[in-house]
There are 2 protein chains.
Amino acid sequence: MQIRVVQNVLEKNKTVACENRDRLTISGVLCMNVLSAPGSGKTSLLQKTIARLNEEHPCAVLVGDLQTTRDAERLADVSAQVVQINTGRGCHLTASQVEAGLNELNLDGLSFVFIENVGNMVCPAGFDLGEHARAILLSTPEGSDKVAKYPILFQTADVILLSKIDLSEVLEYHSQQVSEDLERINTRAPLIEVSAKTNVGIEPWVQWLLENRSKRVGGLLASST
Amino acid sequence: MQIRVVQNVLEKNKTVACENRDRLTISGVLCMNVLSAPGSGKTSLLQKTIARLNEEHPCAVLVGDLQTTRDAERLADVSAQVVQINTGRGCHLTASQVEAGLNELNLDGLSFVFIENVGNMVCPAGFDLGEHARAILLSTPEGSDKVAKYPILFQTADVILLSKIDLSEVLEYHSQQVSEDLERINTRAPLIEVSAKTNVGIEPWVQWLLENRSKRVGGLLASST
């Protein structure tokens, strides 16, 4: 009986996710699901990313957190449109929550919607929210063993951001183990080293976003004009 | 129907947890449930803690991870008894998994069992494993906003360990916000600043463990001899 309930939840989620994705694709908006452990630097990276993009490529953010509106307040400084989704006890966002969040946005003229998922390396992995692609952050202070320990999450990544790379020297961090584990688990997603503090890697990451918008929703944009 | 299933799962878990706790109490073993986000330093702290305690106060560890035996291998260097519990897709340990783990241990003469939970700040909060007390780690690189963002977890703490405190200078970290948030959420649990790298705080943490063993399972020990 338990398994049946879980199947129902996942099936319903998938249906709503597909509707979300269609709606975003038709609007020419690339939607990124941004995932990581708590405190890996999702909000700081999005602040830098949106500050860089927003003028030419307007961005919106849906921010998932159990409680507080702290991340939304931080993001409101750089982006015109921010919606906070408080999940209470929920350990991940669902497609229905994202649908409700999208209802609060004006998609006209938007280039990107970033969904900042709840900080969690397990539960969000199985829930499609209607994104076009997934960015997964792994911060250097978390250690270099996380790809092997959370393979189900990392298998779903379209791009992997090794964040807080500015700390790698003080931590004596070796990204070699991360690369080796990724070779077994996910050879599709590029690994970009980033630091929201020093701006290292922001430009390659922004280029990845622009190219992927072009590739994933650009064709439809071209054919509709 | 979904709610009913969740209730059944939690009720069954609670029953097994109580059995685990009774079994540990009767053996004079203090059982700690150690929780945090991924990469907060649970394994490193346990390595240091057990190296300090093990000679006079024998320790065992049950290590929960989705995959790999890396943490168990690290802990086997300092502790005689280590059991790895791989949860697969499971986002937290359950009391039944701990029961199975305890079956692998020889409790005679043990002073402490540490349960290293799956790295996750949401799901493990609601699952009693049969522990006597909970230690929750929060590492400085995760930022100082996590108590407010994950209050349900921090409310359940008996002791809070602010880990990787050696990085506080380079991070310009201010623990004031953590203390302020804790004043609203949990005034019962002491906050101990620790570093497995520099050994800061290991001694106060060890003293907390010894005092709490005495307090929580010592009475029964005294009356049984």
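Everything here concerns the structure above.
Residues numbered from 1 in each chain as written. Chains lettered and ligands numbered in written order. Predicted model: local features only at pLDDT ≥ 70, side-chain atom pairs only at ≥ 80, totals over all residues. Heavy atoms only, no water.

**Here we look at the environment of Ala125 of chain A**
Residues and elements named next belong to chain A.
Turning to step 1, where the next piece is worked out: On the secondary structure map, Ala125 appears in the loop between strand 4 (112–116) and strand 5 (133–139).
Turning to step 2, where the next piece is worked out: For Ala125, a relative accessible area of 10% puts it in the buried group.
Turning to step 3, where the next piece is worked out: Not counting chain neighbours up to four residues away, the residues in contact with Ala125 comprise Arg134, Ile152, Leu153 and Thr156. (Helix = DSSP H or I, 4+ residues; strand = E, 2+ residues; numbered from the N terminus. Buried < 20%, exposed > 50% of the residue type's maximum accessible area, 1.4 Å probe, protein only. Contact = heavy atoms within 4.5 Å.)

**As for the nonpolar core**
Turning to step 1, where the next piece is worked out: Grouped together as the largest cluster of nonpolar side chains are 50 residues, with contacts concentrated most on Phe154 of chain A together with Phe154 of chain B.
Turning to step 2, where the next piece is worked out: Contributing elements (two or more residues each) for this core: strand 5, helix 6 (151–155), strand 6 (159–163) and helix 8 (176–185) of chain A together with strand 5 (133–139), helix 6 (151–155), strand 6 (159–163) and helix 7 (176–185) of chain B.
Turning to step 3, where the next piece is worked out: Those residues within four positions of Phe154 of chain A in sequence are excluded, and the remaining contacts are Met121, Ile136, Leu138, Lys146, Val147, Ile160, Ile185 and Asn186 of chain A. (Core = buried A, V, L, I, M, F, W, Y, C linked by side-chain atoms within 4.5 Å.)

**Some remarks on the pairing of strand 4 of chain A**
Residue and element names in this part refer to chain A.
Turning to step 1, where the next piece is worked out: Burial within strand 4 is extensive, with 5 of its 5 residues counted as buried.
Turning to step 2, where the next piece is worked out: Taking every second residue as pointing to the same face, both faces of strand 4 are buried, with Phe112, Phe114 and Glu116 on one and Val113 and Ile115 on the other.
Turning to step 3, where the next piece is worked out: Pairing between strand 1 (residues 30–35) and strand 4: 5 bridges, direction parallel. The residue bridging Asn33 from the neighbouring strand is Ile115, located in strand 4.
Turning to step 4, where the next piece is worked out: Taken together, the 5 bridges between strand 2 (residues 59–65) and strand 4 define a ladder with parallel strand orientation. If you follow Leu62 over to strand 4, its bridge partner there is Ile115. (Pairing = 2+ DSSP bridges.)

**A look at the sheet that holds strand 4 (residues 112–116) of chain B**
Residues and elements named next belong to chain B.
Turning to step 1, where the next piece is worked out: The strand order across the open sheet built from 7 strands is 3-2-4-1-5-6-7, with neighbouring strands paired in parallel fashion. Here the strands that pair on one side only, and so sit at the sheet edges, are strand 3 (81–86) and strand 7 (191–193). Ignoring which end each strand starts from, the neighbouring axes of this sheet average 20 degrees apart.
Turning to step 2, where the next piece is worked out: Bridging between strand 1 (residues 30–35) and strand 5 involves 4 bridges; their strand directions are parallel. (Axes fitted to C-alpha atoms, helices over the stretch in contact; angles between N-to-C directions.)

**A short note on the side chain of Asp65 of chain B**
Turning to step 1, where the next piece is worked out: Structurally, the position occupied by Asp65 of chain B is in strand 2 (residues 59–65).
Turning to step 2, where the next piece is worked out: Beyond its immediate sequence surroundings of up to four residues, Asp65 of chain B is in contact with Lys149 of chain A together with Asp71, Gln84, Ile85, Asn86, Thr87, Gly88 and Val118 of chain B.

**Looking at helix 7 of chain B**
Turning to step 1, where the next piece is worked out: Where helix 7 of chain B is concerned, the buried positions are Val178, Asp181, Leu182 and Ile185 of chain B. Looking straight down helix 7 of chain B, one finds its buried side chains confined to an arc of 105 degrees; they lie on one side. In this structure, helix 7 of chain B carries Gln176, Glu183 and Arg184 of chain B as exposed residues pointing more than 90 degrees from its buried face.
Turning to step 2, where the next piece is worked out: Among the structural elements, helix 3 (70–76) of chain A together with strand 5, helix 5 (146–149), helix 6, strand 6 and strand 7 of chain B are those in contact with the buried residues of helix 7 of chain B. (Arc of directions from axis to C-beta.)

**Notes on the sheet that holds strand 1 of chain A**
Strands belonging to one sheet form pairs held by backbone hydrogen bonds; the direction of such a pair is parallel or antiparallel.
All names here are of chain A.
Turning to step 1, where the next piece is worked out: As summarised here, the arrangement of the 7 strands in space is 3-2-4-1-5-6-7, forming an open sheet in which the pairing is parallel. The sheet terminates laterally at strand 3 (81–86) and strand 7 (191–193), the two strands that pair on one side only. Each strand of the sheet is rotated relative to its neighbour by a mean of 20 degrees, with strand direction disregarded.
Turning to step 2, where the next piece is worked out: Each of strand 1, strand 2, strand 4, strand 5 and strand 6 touches helix 2 (residues 42–53); the most contacted strand, strand 4, lies at about 170 degrees to it.

**A word on the interface of chain A and chain B**
Turning to step 1, where the next piece is worked out: Contacts between the two partners involve 41 residues from chain A, matched on the other side by 41 residues from chain B.
Turning to step 2, where the next piece is worked out: Carbon and sulfur atoms make up 62% of the surface buried where chain A meets chain B, a total of about 3,300 Å² over both sides.
Turning to step 3, where the next piece is worked out: Area buried by chain A at its contact with chain B is led by Pro38, Arg70 and Lys149 of chain A, which between them contribute 19% of it.
Turning to step 4, where the next piece is worked out: Counting across the chain A and chain B interface gives 6 salt bridges. (Buried area = accessible area lost by both parts, 1.4 Å probe. Salt bridge = Lys/Arg side-chain N within 4 Å of Asp/Glu carboxyl O.)

**Here's the deal with the packing of aromatic side chains**
All names here are of chain B.
Turning to step 1, where the next piece is worked out: Summed over all chains, the structure comprises 4 aromatic pairs over all chains.
Turning to step 2, where the next piece is worked out: Between Phe112 and Phe114, the ring centres sit 5.9 Å apart and the planes meet at 20 degrees, which makes this aromatic pair stacked.
Turning to step 3, where the next piece is worked out: With a relative accessible area of 0%, Phe114 lands in the buried category.
Turning to step 4, where the next piece is worked out: Aromatic pair Trp205 and Trp208: ring centres 6.1 Å apart, planes at 20 degrees, arrangement stacked. Taken as a pair, Trp205 and Trp208 lie in helix 8 (residues 202–224) at a separation of 3 residues, close to a single helical turn. For the pair Trp205 and Trp208, a shared accessibility class is recorded, and that class is buried. (Phe/Tyr/Trp six-rings, centres within 6.5 Å; stacked < 30°, edge-to-face > 60°.)

**A look at the relation of the copies chain A and chain B**
Turning to step 1, where the next piece is worked out: Take chain A, turn it by 180 degrees, move it 0.0 Å along the axis, and it overlays chain B with an RMSD of 0.0 Å. The transformation relating the two chain copies, once decomposed into turn and shift, fits a two-fold axis.
Turning to step 2, where the next piece is worked out: Both copies contact each other with a shared surface, as 100% of the interface residues of chain A are interface residues in chain B too. (Least-squares fit on C-alpha atoms with pLDDT ≥ 70 in both.)

**Quick word on the state of the cysteines**
Covalently bonding the sulfur atom of one cysteine to the sulfur atom of another cysteine gives a disulfide.
Turning to step 1, where the next piece is worked out: In this structure the tally under the stated criterion is 0 disulfides over all chains.
Turning to step 2, where the next piece is worked out: Here Cys18 of chain A stays free of any disulfide, with the sulfur of Cys31 of chain A as its closest cysteine sulfur at 13 Å.
Turning to step 3, where the next piece is worked out: In this model Cys123 of chain B remains outside any disulfide bridge; the closest cysteine sulfur is found in Cys123 of chain A, 3.2 Å from its own. (Disulfide = S-S within 2.5 Å.)

**Concerning the pattern of salt bridges**
Turning to step 1, where the next piece is worked out: In the structure shown here, the tally under the stated rule is 26 salt bridges over all chains.
Turning to step 2, where the next piece is worked out: Asp128 of chain A is paired through a salt bridge with Arg21 of chain A; the nearest N and O atoms lie 2.8 Å apart. With Asp128 of chain A in the loop between strand 4 and strand 5 and Arg21 of chain A in helix 1 (residues 2–26), this pair connects stretches of sequence that are 107 residues apart.
Turning to step 3, where the next piece is worked out: A relative accessible area of 11% places Asp128 of chain A in the buried class.
Turning to step 4, where the next piece is worked out: Among the salt bridges present, the one from Asp145 of chain B reaches Lys146 of chain B, with a minimum N-O distance of 2.6 Å.
Turning to step 5, where the next piece is worked out: Taking the relative accessible area as the measure of exposure, Asp145 of chain B reaches 12% and is therefore buried.
Turning to step 6, where the next piece is worked out: The class of Lys146 of chain B is buried, set by a relative accessible area of 5%.

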